[in-house]
Structure formats: C-alpha cells, structure tokens
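Notes for the structure review
Here is what each chain is made of, one letter per residue.
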Amino acid sequence: MQENTFTQGNIVRGMLRFSVPYLITCFLQTFYGMADLFIVGQFNEAASITAVSVGSQLMHMLTVVIAGFAMGSTVLIARSVGAGDRQGIAGAVSTTFAVFGAVAAGLTLVLMALTLPVIQLLKVPAEAVPEAAAYMRICFAGILFITAYNVVSAVFRGLGDTRRPMYYVAAAGIINVGLDWLLVGPLAMGAAGAAAATVASQGISVLLGLAALRKYHPDAFRRSVRPDSEDAGRIIRVGLPVALQEGLIQVSFLVITMIANRRGVEVAAAVGIVEKVISFLFLVPSAMLSTVSALSAQNAGAGQHTRSRQVLKIGCMICAGFGTVIFLLCQPLAPWIVSLFVKKGDNIGTVVRFGAEYLRTYSVDCIFAGIHFCFSGFFSAYGKSGYSFLHNIISIVTFRIPGAWAAAVFFPASLYPMGLAAPTGSLLSVAICLYLYRRGGENWGL
C-alpha cells in the first residue's frame, strides 16, 4: 500500500504537502462550480439563472453536510494508517462505502419526494419554478455520484493522499464546463442541462477516483473485507456532529442573508457579495481543518500525541497569520474588492460603500475562524467532534444571528457593526475550544 504517513519528519513540510494540493482542489471546485451559473447566463434569461442560482445554493449546502459527515471516515482511516493497521484501513474503507451507499439511497428517496415542498419553502419566483424543479430533480437523482464524489476524496485524505484527488477534480471541472456549454448552449436544455452536466462530470470523477484508489492503494480496496458495525459506529459518532455543525452554519448564513434582505436591495447586494468573498477566503482555514484532522488522527493512531498537538499549534499559527494578512489588506482594498462584483448602475456607490464597511469588519473573522477550525479538526481526530458542534451552536445562537439582528435594528445606516457579529461569535468559539482543550487534556496526552 502506498499511503502517505505523517508520523515522522518535518511537521511543517508534511502539513504543506497535504494542505496545498487540497487547497488547490478546493479552488478548482469553487471555480468550476461557478460555470453552471455563468454559462446559463450566457444563453438564457432570468428564470433559468434564478433556477440554477437557487438549486446550486441548495446543492452546495447538501454537499457541505455530506463532506462533513465523511470526515468520520477520514479520521477512522487516518488512525489506522498511523497505527500501521492495514486490515483496519481496508475495513474502514469498506465500511465507508457501505455507510454512504445507504446514506445516498435514503437522501435520493427523501429529496425526490420533497422537491416541490423545498421549492415552496425557498420562495422561488413562479416563473422559475419549472426549471428549478428540473434542476433539483436531476441533481437529487444523482445524489449517489455527488456523495461518492465527496466520499472518495475523504478516503484519499485519510490515506494521506491529497494530490491524486486534485487531478480527478481538475478533470471533472474541464468535463463539467464542456458539458455545460454543449447542453445549455447548442442543445438549449437550460437549467436541466446545467444539472445534467454537474452530475455527469461528478460521476466521471468518481470513476477516475476509484480507479486511482484501486491502482495506488490496492490494500484499501480489498473486496474480501466486509463492512464492520463498530467502524460504522465510529464513522457516525465523528461524522454526524460535524455534518450537523456544517448544516447549522449554512442555515445561519441563510438567516443573516434574510436579515440583510429586509434592509433594502443595496444592503442585500453588499452582504451577498461579501459573503461570497469570505467563503472564498475561508478555503484556506477549511484546508487547514482537514489537514489538522488527518495528520492529528495519524499521529494519534501511532500514539504520538505530542506530535499531534504540534500539528494543531502550527495549524493555528498558519491560520492566524493568513487571517491577519487578509484583515490588513481588506482595510484599504475593501471598496475595490466589492466593486469587482458590481455592474454599473445608479446605486453602485451605495453598494460599494455598504460592502466595504461589511468586509472591513467581517474580515477579522479570517483570524478567529481559522483558529477554531483547527481545533475542530483536532477534536475530530480524537473522536470528540461533539466539541466542535458544541462551540459552533453556542456561537451561532448567542452572537452570530442575534448580533446580526441587533446591528440591523440599532445601526441601520451602517454595516460596520453587522460585520462584527461573525468574528465575535468566532472569538467565543476560540475561548470555548481552549477551555475544552485544557479540560480534556488526558485525551490527547497532556
């Protein structure tokens, strides 16, 4: 087996070797994920664009939850890698496929049945409902591919391999863009064509990933090893809290968007732009979360708890440094950054002003969020992902949502205060993480 172990050697070099390909993969996913909306906009009118916008937002939320759940598999596999337990690796991989096969089947049945109620809940404009329904039904029918796409990546990360997933994600992106142009353009399939392109490209990437897994990690793909109920329980115990956490975070973003929408079109546009910018910047903390999780799990499996703690420390330092640079750059550059996303119009100045205010204060969250992301990865590595769910839910219900609401009520003329809601919540999360880390010291060899 050619798994990559990170239980020896220079820690920083190992973290970069793991995180950089993963970060590139995230960038690729973000860029080609925008292809649907861009290409549909070139060939169709507002109804198709709205259908793809609403449908892709829902699918993004679903994908994030599935990826969070798959962290349970990454941790289980990584701990077996660290312990040198090849039988355990094969068992974890086999159990992963069984668990997520069942998850995909259940999601397909439920979501196909709930397509129209979901559309009603999202308040999709009447003229966009037919295309939104077509987009969602095709994506829901392809849940198996979407789930497998994320699960295969999680297996590779558990094996310490983030380079090969980068290749097949790049291939999927090229295929997706090509199919988008063909199905939406010459074949005039509209939103349905965009959905079909997404599902088909992810299906192809799954086949490429499974072929690479079979070739480069043959011991992890042994058919003689059957799923194990204890491994399934471990995957669920680690992955479910992370999935719930990711789902709640996405819901909180939607609630904040609703609060902004009530303040007028200029504020809504400004908040929407900044949320997209922040989500892009957060790819770095997200990559470090996965890095800390996988590498800490390997070292925990090998009984090297001191090295595992060093991974956490270095991850926090990298995120804090990155976040500080971003915060400092956003102070003078915020108006320019926001203006990149605004077309010419009578209200362009107002949107840029509000957006710059929001970005200047919100950008400090890149520092604090990166730190608690690293702690979340560390806790998951030790099977304590419930800690991550705890600090996130406390942050959301005490500061993020109430803070955004209070800022909207008491400071209607500015978005500076509203931008502080998220970083204040993240600062609370950091404090809770530090407390839980010290309190549970015996779990990680303190």
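Just above sits the structure.
Criteria and cut-off values
Residues numbered from 1 in each chain as written. Predicted model: local features only at pLDDT ≥ 70, side-chain atom pairs only at ≥ 80, totals over all residues. Heavy atoms only, no water. Helix = DSSP H or I, 4+ residues; strand = E, 2+ residues; numbered from the N terminus. Rg over C-alpha atoms; globule rule 2.2 N^0.38 Å. Buried < 20%, exposed > 50% of the residue type's maximum accessible area, 1.4 Å probe, protein only. Contact = heavy atoms within 4.5 Å. Areas by Shrake-Rupley, 256 points an atom, 1.4 Å probe, with all protein chains shown as cover. Core = buried A, V, L, I, M, F, W, Y, C linked by side-chain atoms within 4.5 Å. 1 Å grid on protein atoms, 1.4 Å probe; cavity = no way out; pocket = protein on both sides within 12 Å on 5 of 7 lines; lining within 4 Å. Points joined across faces, edges and corners; volume = space filled by probe spheres on them. Nonpolar A, V, L, I, M, F, W, Y, C, P; charged D, E, K, R; others polar. Phe/Tyr/Trp six-rings, centres within 6.5 Å; stacked < 30°, edge-to-face > 60°. Lys NZ or Arg CZ within 6 Å of the ring centre and 35° of its normal. Expected span 1.5 Å × (residues − 1). Axes fitted to C-alpha atoms, helices over the stretch in contact; angles between N-to-C directions. Left-handed = near helix turned anticlockwise from the far one by under 90°. Patch = residues over 30% accessible without salt bridge, like charges linked within 9 Å, V, L, I, M, F, W, Y side chains within 5 Å. Salt bridge = Lys/Arg side-chain N within 4 Å of Asp/Glu carboxyl O. Polar contact = N/O pair within 3.5 Å; in protein donor to acceptor, adjacent residues only side chain to side chain. Parallel < 35°, antiparallel > 145°, perpendicular 65-115°, else oblique.

Attention shifts here to the overall build of the chain. Within the chain, the regular secondary structure consists of 18 helices and zero strands. Computed over the C-alpha atoms, the radius of gyration of the chain is 22 Å, within 12% of the 22 Å expected from 2.2 N^0.38 for a compact globule of 446 residues. Dimensions of the chain, computed from the C-alpha atoms along their principal axes, are close to 65 × 50 × 35 Å. For the chain, buried positions account for 54% of its 446 residues. Of the contacts made within the chain by residues no fewer than 6 positions apart, 82% connect residues no fewer than 24 positions apart. Here the chain has roughly 19000 Å² of accessible surface; of this, 67% comes from carbon and sulfur atoms.

Here we take up the nonpolar core. Residues Phe379 and Met418 are the most contacted members of the largest nonpolar core, which totals 70 residues. Examining the composition of this core, we find that 10 residues originate from one element, helix 13 (residues 305-339), more than from any other. Formed by 27 residues, the second largest nonpolar core is a distinct cluster that contains Ala154, Leu159, Ala212 and Ala232.

This brings us to empty space enclosed by the protein. Within this structure, the stated rule accounts for one cavity of 30 Å³ or more. Its boundaries defined by the atoms lining it, the largest cavity holds a volume of some 70 Å³. Lining the largest cavity we find Phe253, Ile256, Glu275, Tyr358, Tyr362, Arg400, Ala404, Met418, Gly419, Ala421 and Ala422. Contributions of two or more residues to the lining of the largest cavity are made by helix 10 (229-261), helix 14 (348-362), helix 16 (385-410), helix 17 (416-419) and helix 18 (421-439). For the lining of the largest cavity, the class distribution of residues is eight nonpolar, one polar and two charged.

Before going further, it helps to spend a moment on the packing of aromatic side chains. Evaluated as defined, the whole model comprises 12 aromatic pairs. Geometrically, the ring pair formed by phenylalanine 282 and phenylalanine 373 is edge-to-face, given 5.9 Å between the ring centres and 80° between the ring planes. Within this pair, whereas phenylalanine 282 is found in the loop between helix 11 (265-281) and helix 12 (283-301), its partner phenylalanine 373 is found in helix 15 (residues 365-381), the two being separated by 91 residues in sequence. The same class applies to phenylalanine 282 as to phenylalanine 373, namely buried. Of the aromatic side chains, those joined through ring pairs into one cluster are Phe375, Phe378, Phe379, Tyr382, Tyr387 and Tyr437. Positioned over the ring face of tyrosine 216 is arginine 164, at 3.6 Å from the centre of the ring. One cation-aromatic arrangement involves arginine 353 over phenylalanine 354; the distance from NZ or CZ to the ring centre is 4.4 Å.

Relative to the 21 Å expected for 15 residues at 1.5 Å per residue, helix 14 spans 21 Å between its end C-alpha atoms, a close match to the ideal helical length. Counting buried positions along helix 14 gives 11 out of 15 residues, so the element sits mostly inside the fold. Buried within helix 14 we find Val351, Val352, Phe354, Gly355, Ala356, Glu357, Tyr358, Leu359, Arg360, Thr361 and Tyr362.

Between helix 15 and helix 18, the least distance of the axes is 8 Å, while the angle of their chain directions is 35°. Handedness of the crossing formed by helix 15 with helix 18: left-handed. Counting all contacts with helix 15, which are made through Asp365, Phe368, Ala369, Ile371, His372, Phe375, Phe378 and Phe379, the residues of helix 18 involved are Ala422, Pro423, Ser426, Leu427, Ser429, Val430, Cys433, Leu434, Leu436 and Tyr437. For the contact of helix 15 with helix 18, the residue count by class is 14 nonpolar, three polar and one charged.

A surface patch of nonpolar side chains, amounting to about 600 Å² of accessible area, comprises Val325, Leu329, Leu333, Trp336, Leu340 and Phe341. Position of valine 325 among the secondary structure elements: in helix 13.

Moving on to the side chain of serine 252. Structurally, serine 252 can be placed in helix 10. Accessibility expressed as a relative area gives 3% for serine 252, which makes it buried. A polar contact of 2.6 Å, which involves the side chain of serine 252, links it to the backbone oxygen of isoleucine 249. Other than its neighbours up to four places away in sequence, serine 252 contacts Ile396 and Ile401.

On to the packing of helix 15 against helix 16, then. For the pair helix 15 and helix 16, interaxial distance at closest approach is 7 Å and the crossing angle is 150°. The orientation of helix 15 with respect to helix 16, classified from their angle, is roughly antiparallel. Here Asp365, His372, Ser376, Phe379 and Ser380 of helix 15 come into contact with helix 16, specifically with Ser385, Tyr387, Ser388, His391, Asn392 and Arg400. Within the contact of helix 15 with helix 16, the residues separate by chemical class into two nonpolar, seven polar and two charged.

Our focus in this paragraph is helix 8 (residues 163-184). Relative to the 32 Å expected for 22 residues at 1.5 Å per residue, helix 8 spans 32 Å between its end C-alpha atoms, a close match to the ideal helical length. If you check which residues of helix 8 are buried, you get Arg164, Pro165, Met166, Tyr168, Val169, Ala172, Gly173, Asn176, Asp180, Leu183 and Val184.

Counting across every chain of the model gives four salt bridges. Residues arginine 234 and glutamate 230 are paired through a salt bridge, measuring 3.6 Å at the closest nitrogen-oxygen approach. Of this pair, arginine 234 and glutamate 230 both sit in helix 10, four residues apart, roughly one helical turn. What makes arginine 234 partly exposed here is its relative accessible area of 35%. A relative accessible area of 52% places glutamate 230 in the exposed class. Residue aspartate 231 is joined to arginine 234 by a salt bridge in which the shortest nitrogen-to-oxygen separation is 2.7 Å. Taken together, the residues span about one helical turn, with aspartate 231 and arginine 234 both in helix 10 at a distance of three residues. What makes aspartate 231 buried here is its relative accessible area of 12%. Look at the salt bridges and you will find they share partners, linking Glu230, Asp231 and Arg234 into a network.

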